[in-house]
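# Structure at a glance
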Amino acid sequence: MDIIYTIWLRSMKRFIRSKSRIIGSIAMPLFFLLFLGFGLNSVVNLPGLGENYIQFLIPGMVAMSVLFTSVFSGIQIIWDKQFGFLKETLVAPVTRLEIMLGQTAGGATTAVIQGLMILILSLLIGLSIQTIPGFLIAIGFMVLIGIGFTAFGIAIASSMEDMNGFQLIMNFVIFPIFGLSGALFPISSLPGWLGPITMLDPLTYGVEGIRYGLTGVSQINPVICFAVIGGFTVAMTAIGAYLFRKIAI
Amino acid sequence: MTIAIHVENLTRRFNDLVAVDHISFEIAQGEIFGLLGPNGAGKTTTLSMLATMLKPSEGTAMVNGIDVERDEDGVRRSIGIVFQDQSLDEELTAWENMDFHGRLYRIPSDIRNLRIDELLKLVELFDRKDDIVKTFSGGMRRRLEIARGLLHHPSVLFLDEPTLGLDPQTRNHLWQYIATLSREKGITIILTTHYMEEADRLCNRVAIIDHGKIIALDTPGNLKDGIGGDVITIKSPETAKIVETLKEPWINRMDTHEGEVVISLRNAEQHLSTIVTLIVARQIPISSISIHKPTLEDVFLSFTGKTIREQEASTTEIMRQQMKKMGRH
Ligand SMILES: Nc1ncnc2c1ncn2[C@@H]1O[C@H](COP(=O)(O)OP(=O)(O)OP(=O)(O)O)[C@@H](O)[C@H]1O
Ligand SMILES: [Mg+2]
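So, how was this worked out
- Residues numbered from 1 in each chain as written.
- Chains lettered and ligands numbered in written order.
- Predicted model: local features only at pLDDT ≥ 70, side-chain atom pairs only at ≥ 80, totals over all residues.
- Heavy atoms only, no water.
- Helix = DSSP H or I, 4+ residues; strand = E, 2+ residues; numbered from the N terminus.
- Rg over C-alpha atoms; globule rule 2.2 N^0.38 Å.
- Areas by Shrake-Rupley, 256 points an atom, 1.4 Å probe, with all protein chains shown as cover.
- Lys, Arg positive; Asp, Glu negative; His and termini not counted.
- Charge placed at Lys NZ, Arg CZ, Asp CG, Glu CD.
- Near = heavy atom within 4 Å.
- Polar contact = N/O pair within 3.5 Å; in protein donor to acceptor, adjacent residues only side chain to side chain.
- Nonpolar A, V, L, I, M, F, W, Y, C, P; charged D, E, K, R; others polar.
- Pairing = 2+ DSSP bridges.
- Axes fitted to C-alpha atoms, helices over the stretch in contact; angles between N-to-C directions.
- Contact = heavy atoms within 4.5 Å.
- Buried area = accessible area lost by both parts, 1.4 Å probe.
- Salt bridge = Lys/Arg side-chain N within 4 Å of Asp/Glu carboxyl O.
- pLDDT = per-residue confidence, 0-100.
- Buried < 20%, exposed > 50% of the residue type's maximum accessible area, 1.4 Å probe, protein only.
- Donors = N, O, S within 2.8 Å, 3.2 Å for Na, K, Ca; no water.
- Parallel < 35°, antiparallel > 145°, perpendicular 65-115°, else oblique.
- Left-handed = near helix turned anticlockwise from the far one by under 90°.

## Looking at the overall build of chain A
Regarding its fold elements, chain A presents 10 helices and 0 strands. Starting at the N terminus and walking to the C terminus, you meet the elements of chain A as α-α-α-α-α-α-α-α-α-α. Here the C-alpha atoms of chain A give a radius of gyration of 18 Å, agreeing with the 18 Å that 2.2 N^0.38 yields for 249 residues. Referenced to the eigenvectors of the C-alpha coordinate spread, the extents of chain A come out at roughly 55 × 40 × 35 Å. Entry remark: accessible area of chain A is about 10500 Å², with carbon and sulfur atoms responsible for 73%. Positive and negative side-chain charges of chain A, numbering 12 and 9 respectively, have mean locations separated by a distance of 8 Å.

## Re the site of ligand 1
Residue and element names in this part refer to chain B. Around ligand 1, a shell composed of 14 residues is seen, among which Asn39, Gly40, Lys43, Thr44 and Thr45 lie nearest. Within the backbone of Gly40, one N or O atom sits 2.8 Å away from an oxygen atom of ligand 1. Here Ala41 contributes a backbone N or O atom positioned 3.1 Å from an oxygen atom of ligand 1. Protein chains bury 64% of the 640 Å² of accessible surface belonging to ligand 1 in isolation. Mapped onto the shell around ligand 1, the elements with two or more residues apiece are strand 2 (17–28) and helix 1 (43–50). For the shell around ligand 1, the element with the most residues is helix 1, which contributes 3 residues. Within the shell around ligand 1, the residues separate by chemical class into 5 nonpolar, 7 polar and 2 charged.

## A few points about the sheet that holds strand 14 (residues 288–292) of chain B
Residue and element names in this part refer to chain B. The strand order across the open sheet built from 4 strands is 12-13-11-14, with neighbouring strands paired in antiparallel fashion. Pairing within the sheet leaves two strands with one partner each, and these edge strands are strand 12 (251–257) and strand 14. Direction aside, neighbouring strands of the sheet carry axes that sit 15 degrees apart on average. The pairing of strand 12 with strand 13 (residues 260–265) spans 6 bridges and is antiparallel. Within strand 13, the residue paired with Thr256 across the bridge is Val261. Across the sheet, helix 10 (residues 268–281) touches strand 11 (230–235), strand 13 and strand 14, and the angle it forms with strand 11 is around 25 degrees. Across the sheet, helix 11 (residues 296–304) touches strand 11, strand 12, strand 13 and strand 14, and the angle it forms with strand 12 is around 80 degrees.

## As for the interface of chain A and chain B
Chain A puts 24 residues into the contact, and the matching count from chain B is 26 residues. Buried surface at the junction of chain A and chain B, both sides included, amounts to about 2400 Å², of which 57% is carbon and sulfur. Interface area lost by chain A to chain B is led by Glu88, Val91 and Pro93 of chain A, which between them contribute 29%. In this structure, the connection of chain A to chain B is made through 9 salt bridges. Here Asp89 of chain B and Arg10 of chain A are joined by a salt bridge, their closest N and O atoms 2.5 Å apart. Every element with two or more residues in the side of chain A that touches chain B is listed here: helix 1 (2–17) and helix 4 (85–90) of chain A. Among the elements that line the side of chain A that touches chain B, the one with the most residues is helix 1 of chain A, at 10 residues. Here the side of chain A that touches chain B is built from residues that sort into 12 nonpolar, 3 polar and 9 charged.

## Description of the confidence of the model for chain B
Residues and elements named next belong to chain B. Chain-level pLDDT for chain B is 89 on average; 94% of the residues reach the 70-or-more range. Across chain B, the secondary-structure element scoring lowest on mean pLDDT is helix 12 (residues 308–328), at 59, and the one scoring highest is helix 3 (residues 94–104), at 97. What the predictor reports for the complex is a pTM of 0.86 with an ipTM of 0.91.

## Digging into the side chain of Ser264 of chain B
Residues and elements named next belong to chain B. Note on placement: Ser264 falls in strand 13. The class of Ser264 is buried, set by a relative accessible area of 4%. At 3.5 Å, the side chain of Ser264 and the backbone oxygen of Ile227 are in polar contact. Filtering out sequence-adjacent residues up to four positions away, Ser264 remains in contact with Ile227, Gly228, Asp230, Ile251, Asn252 and Arg253.

## Here's the deal with the coordination of the magnesium ion (ligand 2)
Geometry sets the ideal angles at a metal, namely 109.5 degrees for four tetrahedral donors and 90 or 180 degrees for six octahedral donors. Residues and elements named next belong to chain B. Looking at the magnesium ion (ligand 2), the protein donor atoms are Thr44 (OG1) and Gln84 (OE1), and they sit 1.8 to 2.1 Å from it. Taken together, the residues span a long stretch of sequence, with Thr44 in helix 1 and Gln84 in the loop between strand 6 (79–82) and helix 3 at a distance of 40 residues. Look at Thr44 and you get partly exposed, because its relative accessible area is 32%.

## Description of the sheet that holds strand 3 (residues 32–36) of chain B
Residues and elements named next belong to chain B. One open sheet holds the 6 strands; their spatial order is 6-7-8-3-9-10, and the pairing between them is mixed. The open sheet has two edge strands, strand 6 and strand 10 (213–218), and neither has a second partner. Sheet twist, expressed as the average angle between the axes of neighbouring strands with direction ignored, equals 15 degrees. The pairing of strand 6 with strand 7 (residues 156–160) spans 4 bridges and is classified as parallel. By the bridge assignment, Ile81 is partnered in strand 7 with Phe158. On top of the sheet, helix 1 reaches strand 3, strand 7, strand 8 (188–193) and strand 9 (205–210); it is set at about 150 degrees to strand 7, its chief contact. Packing of helix 11 onto the sheet brings it into contact with strand 3, strand 9 and strand 10, and relative to strand 9 it is tilted by some 40 degrees.

## Considerations on the packing of helix 9 (residues 202–215) of chain A against helix 10 (residues 222–245) of chain A
Residue and element names in this part refer to chain A. Interhelical geometry of helix 9 versus helix 10 gives an angle of 135 degrees and a closest axis separation of 8 Å. If you check the angle between helix 9 and helix 10, you find them oblique. Crossing angle aside, the handedness with which helix 9 passes helix 10 is left-handed. Here Pro202, Tyr205, Gly206, Glu208, Gly209 and Tyr212 of helix 9 come into contact with helix 10, specifically with Pro222, Ile224, Cys225, Val228, Ile229 and Phe232. For the contact of helix 9 with helix 10, the class distribution of residues is 9 nonpolar, 2 polar and 1 charged.

If you want it as structure tokens, here you go:
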């Protein structure tokens, strides 16, 4: 535990110091919220999901900021590799599993904090928290998304030599995961052939879980959401740990 | 005498390339041992294997009596390492980098804090302890890395090119630290370098390594004595003729390379006039002539027929060709 804490602590110190990165990663979901939310609020009609598009969009934007921050934190390992710092950790008498778990804990914490910032800003533009347990459920789902996708980032970073593949991963993996997740629109409104694909996207269940917590309504049963995103998180942590064990420097 | 490091037939291959080729040596506790060789000689690869960062392809290595392959953590606990390339977290302060290290090695917090202060004072960084490493110069970073490597009181310290890229003044400073460490704390130090002077000034014994093989291993003094006295270097367009002319019994050895004849002999001052007379008598032109006490550079030259700098140039050339080849695919 002390090693995991040590590595987590480093992530936190770096996070707190990186003001521009914090603001940068709040900016995108916030713009989405303001422009899409207010812009489409009067135009969009969501049958059966309440009448308010902003209310619908907020959980999606929270999930978005958790997703991007966590994948990014996982991929940070490549920088540690390139700037040499990873060697310092790998040559210490600690196991790779401890290092990986520390990194995951750090990434997930940062991601959840970023998500909470969006959540708090949302309160200012009209989100009303239904119930305290619901709020806690939403945070629980944010934590799961954070852990799962940080581990996902670590898995990618462990199999990449340098940052060259980063843009590719962003465009062909992360954006589709986000786009298909029902963060921006109800999954039921997609054309029929896309339906099964959205059901394969783990983030769909995360977004729906947060939505259930915050608004009390969701299209997927929250228990199923929890089972799927929970399973994804466990599987990604295992895969990430396995690939990180084999990282070569 | 306690043996700190025992290496036998240690070998490492990268595909077809034999980076380290069946090397064997022993290092006594408290010794400063140097691995001297040109770029690509296999120095870093050797250290990486001793520090458990790389698996040997063949052979055995024991650090403090622990086999590097059997008990990685045991070895890791007892060594400190300063890597060739920087390995600090630039976004943390000097103190935070030290603290991170101390926690990784599970040093209890009261001892950790005391030692961090003590070591930062030793490397004269105490007044900069709360500054972000990004703002540090190369020399300061190097000193911080050395301090960090000592934090968990290792009994063996590996220094991979500790003074590479530093100015002469900082280099001198670091040499003093290293010598003091070894003297006062009895730490065994293994350092790699391609600076002759560094190996000569600092090391109790030096292994000269080239193309993955140890080609000579002894104290710097003995290595230089092995050359056979002083060195006279004669630059001339007709080196072959000079070698032919100087068939004197008091000449221990003669090598030609790059338009120079390098002569090893005792009491060079006394023989210099004879040498010049003989050459001039045959009307062979001399561009320049110099006498010096032998250096490790001469030792390297006598074993490999090349100076370290030439060796590096040719290695760089090979690397450049390889890069080109890779680029084409
Ligand atoms: N991971 C690797 N994969 C393939 N080849 C490698 C690898 N690491 C080192 N080599 C090769 O092994 C040889 C020895 O490299 P090494 O880094 O040990 O040299 P060195 O003596 O430390 O040189 P330098 O003075 O440049 O640091 C070189 O030819 C190098 O290209
Ligand atoms: Mg090297």
